[in-house]
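Single-letter residue listing:
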Amino acid sequence: MLARTPPGERRPNLPLRLKEQLNLCSQYPERVLFLDIETTGLSHHYDEITVIGWSIGGRASTMVKGDSHHRLREDARHALALVTFNGIRFDQRFIRQEFPDVAFPAHHIDLMYLCRRVGLTGGQKAIERELGLDLRGEIAEVDGFAAVLLWHRYLRGDVAALETLVRYNRADIAAMGAIFDHVVDRFQIEPDLFLQRSALREWAAPSGWMEIPPFPSARVELSSAPTFDQLLGGTPAEGVRVVGIDLTGSEARGSGWCLLEGKKASFETVFTDADILELTLSSKPDLVSIDSPLCLPAGRVSVEDSDPGRALFGIMRECERELKRRGVNVYPCLLPSMQKLTARGIRLATSLRRLGVPVIESYPGAAQDIMRIPRKGAGIEWLRLGLADFGVIGDLNAASHDELDAITSALVGSFHWSGLVEPMGTSEEPPLIIPKLDGKAHPIIIGISGPIAAGKTTVARAFEDLGFAYTRFSLVIDEELKSRGKPLDRHHRQALGDEINRTGRQRWLADRTLARVGEVSAIVVDGLRFPEDHAFLAERTGGSYVHVFVDADENTRRGRYETRDADGDFDAAAASDVESQVESMRSLANIVFSNLGSKNDINSFALHIAGEMRAETCQSRL
């Protein structure tokens, strides 16, 4: 018989539904399903179930990834109540996602919340210690993180590791029954609530619950992780040069730096911003991938808490909110401990982009999930092993943890270059790049730059005739001039273009220029003038972007300019501030086209380039 509450002591409040659920478990203990899962990590979006264990009707069962879930489905159908620890937020969500045909009973008692009603807080093992439970024996030191590594050891041939993982899982389930009994005792429920009181510990840990069946070696489909050649072979990533940077918040602490040329990695630790920039620029990368926040939350103007928009716009970007929703633990970019890192990342990215170097913000953890490498914290040997198995070539045994993370960051750039990514951002917050094997193909973008009267628009229109959506920077400039009530002439266009560039809005202009054509598969962008324009377009589409510099000698250009209905003097137009960086675009271009021939020559050139681009894009998606 349960003890009554002593006079004057407040009994924990029990809602009617919870009383009914406890009564149901007590009346039909043989139909209570105790369940626990093991996974490769905490994110229901990126991670997967490795082991499911459950006890019901005096029988303990285990299902390993790849096994049939028929018995679980049948036991769940027969159960009257489900008991888990943190199962509402975790276990149940994973199972519904991977096994949607498993229907759990309507009554779900999550012990984490039940324990809180009697003042027991923390994780399951902490509550076990507080209650003096000792059901784990030799696996007492195994925790959730170790469980992830046990699975990876099993995939690499260690069957004993799976046996330990299953014992750990069954100990979790056995302890649930004991915790359940302790909590019910603490409720001091009136004795007439239950027709009979059954201890559930013996049902959660039935006879023979620690007798583990023999397991085979991991099947090929479980143990074979994807490789660089399988995912990125035959794509533009095979020849791309990506610099990956695992950035720290202070120059006093070294940052991991890597140059990844296809699969070949060279790396080192770099300290100052000046050294990072010098090393990166001397490597002549196609893309730089930085593991650091590279923008502020929309509405914020500085990283400091003194920012007047701090209260209204907060410290977190939408990409970080989305990762949180996916179960990924991520730090807000303007958390006090993150502010220096965010400021440094933005500063470095800005410096590189102004020189025409495209920069993306990367998330190495998601790439490690795709490569089936345990996340950071599992140990440096696992990261070395995983990168080597993926196909990275280099002296990985000599690499520090930061340098290995830089290699992973560079690999995110390789995924991006081939279009196997999910850009995670908003129209006001540049994207965080997440690897995604079924990522939407990048659109083909051809950017056209060159000096005045070289024939840029004629070349661009030739691509338009081949089905490319046409857009140009001056169209956005004209829209802005109209809104200001200014004339649409070359003088005012050049003045506004110079103003936009000087005030740091060049990327805004490029974004608006692309937005004019919407979601299309092929775009030609006319009138690139600044290195930032090149960087922006390369960041958007990686290996699906080609920059064409259209050139002609000065006499030819002067003659063309004077024969068309152009406003202003050729020399004055060519010497304007907005044209001052056009020549620097030559070295950034993939192709320099000498436009000295006929219209037919231009059409032939456009047809050749468009055919090559479309063939490469199709091949990269096979």
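Keep in mind the model is a prediction, meaning the values are calculated, not measured. (Residues numbered from 1 in each chain as written. Predicted model: local features only at pLDDT ≥ 70, side-chain atom pairs only at ≥ 80, totals over all residues. Heavy atoms only, no water.)

A word on the overall build of the protein
The helix and strand inventory of the protein stands at 26 helices and 17 strands. Expressed along its principal axes, the backbone C-alpha trace of the protein runs to roughly 105 × 55 × 50 Å. A burial count over the protein gives 54% of its 622 residues as buried. Contacts in the protein between residues far apart in sequence, at least 24 positions, make up 72% of those at least 6 positions apart. (Helix = DSSP H or I, 4+ residues; strand = E, 2+ residues; numbered from the N terminus. Buried < 20%, exposed > 50% of the residue type's maximum accessible area, 1.4 Å probe, protein only. Contact = heavy atoms within 4.5 Å.)

Considerations on the packing of aromatic side chains
Considering all chains together, one arrives at eight aromatic pairs under this definition. Ring geometry for F390 against F415: centres 6.4 Å apart, planes inclined by 40°, an arrangement best described as tilted. On the criterion of sequence distance, the pair formed by F390 in helix α16 (residues 380-390) and F415 in helix α17 (residues 401-417) is long-range, its members being 25 residues apart. You can call F390 buried: its relative accessible area is 1%. Residue F415 is classed as buried on the basis of its relative accessible area of 0%. Ring plane angle 15° and centroid distance 4.1 Å describe the contact between F593 and F605, whose orientation is recorded as stacked. Here F605 lies in helix α26 (residues 599-620) and F593 lies in strand β17 (residues 591-594), a separation of 12 residues in the sequence. Looking at F605, the relative accessible area reads 12%, which means it is buried. Taken together, the aromatic side chains of F463, F468, F593 and F605 make up a single cluster linked through ring pairs. The ring centre of Y470 lies 3.6 Å from the NZ or CZ of R461, which sits over that ring. (Phe/Tyr/Trp six-rings, centres within 6.5 Å; stacked < 30°, edge-to-face > 60°. Lys NZ or Arg CZ within 6 Å of the ring centre and 35° of its normal.)

Digging into the sheet that holds strand β9 (residues 287-290)
With mixed pairing, the seven strands of this open sheet are ordered in space as β8-β7-β6-β9-β10-β12-β11. Each edge of the open sheet is held by one strand with a lone partner, namely β8 (264-270) and β11 (421-424). Each neighbouring strand pair of the sheet contributes to a mean axis angle of 30°, computed without reference to strand direction. Both strand β7 (residues 255-261) and β8 contribute to a ladder of seven bridges, which runs antiparallel. (Pairing = 2+ DSSP bridges. Axes fitted to C-alpha atoms, helices over the stretch in contact; angles between N-to-C directions.)

Brief notes about the pairing of strand β3 (residues 59-64)
Along a regular strand, successive side chains alternate from one face of the sheet to the other. Taken together, the six bridges between strand β2 (residues 49-56) and β3 define a ladder with antiparallel strand orientation. Note that in β3 the partner of S55 across the bridge is A60. In sequence, β2 turns back onto β3 through a hairpin of two residues, with G57 there showing a positive phi of about 60°.

So, helix α2 (residues 70-78)
Of all the residues in α2, the buried ones are L72, D75 and A76. Buried positions in α2, seen along its axis, are confined to an arc of 100° and lie on one side of it. Looking at the buried positions of α2, the neighbouring elements they touch are β1 (32-39), β2 and β3. (Arc of directions from axis to C-beta.)

Notes on the nonpolar core
Grouped together as the largest cluster of nonpolar side chains are 54 residues, with contacts concentrated most on L22, L162 and F180. Looking at this core, the elements that each hand over two or more residues are α1 (16-27), β1, β4 (81-84), α4 (111-116), α5 (124-131), α6 (144-155) and α7 (159-187). Counting residues per element, this core draws most heavily on α7, at 17 residues. When neighbours within four sequence positions are excluded, L162 is seen to be in contact with V51, V64, W151, Y154 and F215. Counting residues in each nonpolar core, the second largest holds 33 residues, with L232, F267, I373 and V412 among its members. (Core = buried A, V, L, I, M, F, W, Y, C linked by side-chain atoms within 4.5 Å.)

As for a negative patch on the surface
Side chains of E251, E268, D275 and E278 sit close together on the surface and give a patch of like negative charge. Tracing the sequence through the fold places E278 in helix α11 (residues 273-282). Note on E278: relative accessible area 56%, which makes it exposed. (Patch = residues over 30% accessible without salt bridge, like charges linked within 9 Å, V, L, I, M, F, W, Y side chains within 5 Å. Areas by Shrake-Rupley, 256 points an atom, 1.4 Å probe, with all protein chains shown as cover. Salt bridge = Lys/Arg side-chain N within 4 Å of Asp/Glu carboxyl O. Lys, Arg positive; Asp, Glu negative; His and termini not counted. Charge placed at Lys NZ, Arg CZ, Asp CG, Glu CD.)

Some thoughts on the pattern of salt bridges
One pass over the full model with this rule turns up 40 salt bridges. The partner of D229 in a salt bridge is K263, and the shortest N-O contact between them spans 3.1 Å. Within this pair, whereas D229 is found in helix α10 (residues 228-232), its partner K263 is found in the loop between β7 and β8, the two being separated by 34 residues in sequence. Between R353 and E539 there is a salt bridge, with the nearest N and O atoms lying 2.8 Å from each other.

Describing the confidence of the model for the protein
Mean pLDDT over the protein stands at 91; residues scoring 70 or higher make up 95%. pLDDT under 50 marks residues 1-9. Its contacts with residues more than four places away, or in other chains, come to 15 contacts. (pLDDT = per-residue confidence, 0-100.)

So, the sheet that holds β17
The strand order β14-β15-β13-β16-β17 describes an open sheet built from five strands, whose pairing is parallel. Each edge of the sheet is formed by a strand with only one pairing partner; in this case those strands are β14 (469-472) and β17. Each neighbouring strand pair of the sheet contributes to a mean axis angle of 25°, computed without reference to strand direction. Pairing geometry for strand β13 (residues 444-449) and strand β15 (residues 522-528), over six bridges, is parallel. Bridge pairing in β15 links I446 to V524. Each of β13, β14 and β15 touches helix α21 (residues 506-515); the most contacted strand, β15, lies at about 140° to it.

Regarding the packing of α21 against helix α22 (residues 531-541)
Between α21 and α22, the shortest axis-to-axis distance is 9 Å and the interhelical angle comes to 50°. Classed by the angle they form, the pair α21 and α22 counts as oblique. With respect to the hand of their crossing, α21 and α22 are arranged in right-handed fashion. Between α21 and α22, the contacting residues are Q506, R507, A510, D511 and L514 on the first element and E532, D533, F536, L537, E539 and R540 on the second. Residues belonging to the contact of α21 with α22 are distributed by class as follows: four nonpolar, one polar and six charged. (Parallel < 35°, antiparallel > 145°, perpendicular 65-115°, else oblique. Left-handed = near helix turned anticlockwise from the far one by under 90°. Nonpolar A, V, L, I, M, F, W, Y, C, P; charged D, E, K, R; others polar.)

Quick look at the environment of Y331
Tracing the sequence through the fold places Y331 in the loop between α13 (318-325) and α14 (339-354). Spatially, the C-alpha atom of Y331 lies 24 Å from that of C258, the residues being 73 residues apart in sequence.

Here we look at the side chain of E403
Looking at the secondary structure, you find E403 in helix α17. Among all residues touching E403, those that are not within four sequence positions of it are G256, F267, E268, T269 and A398.

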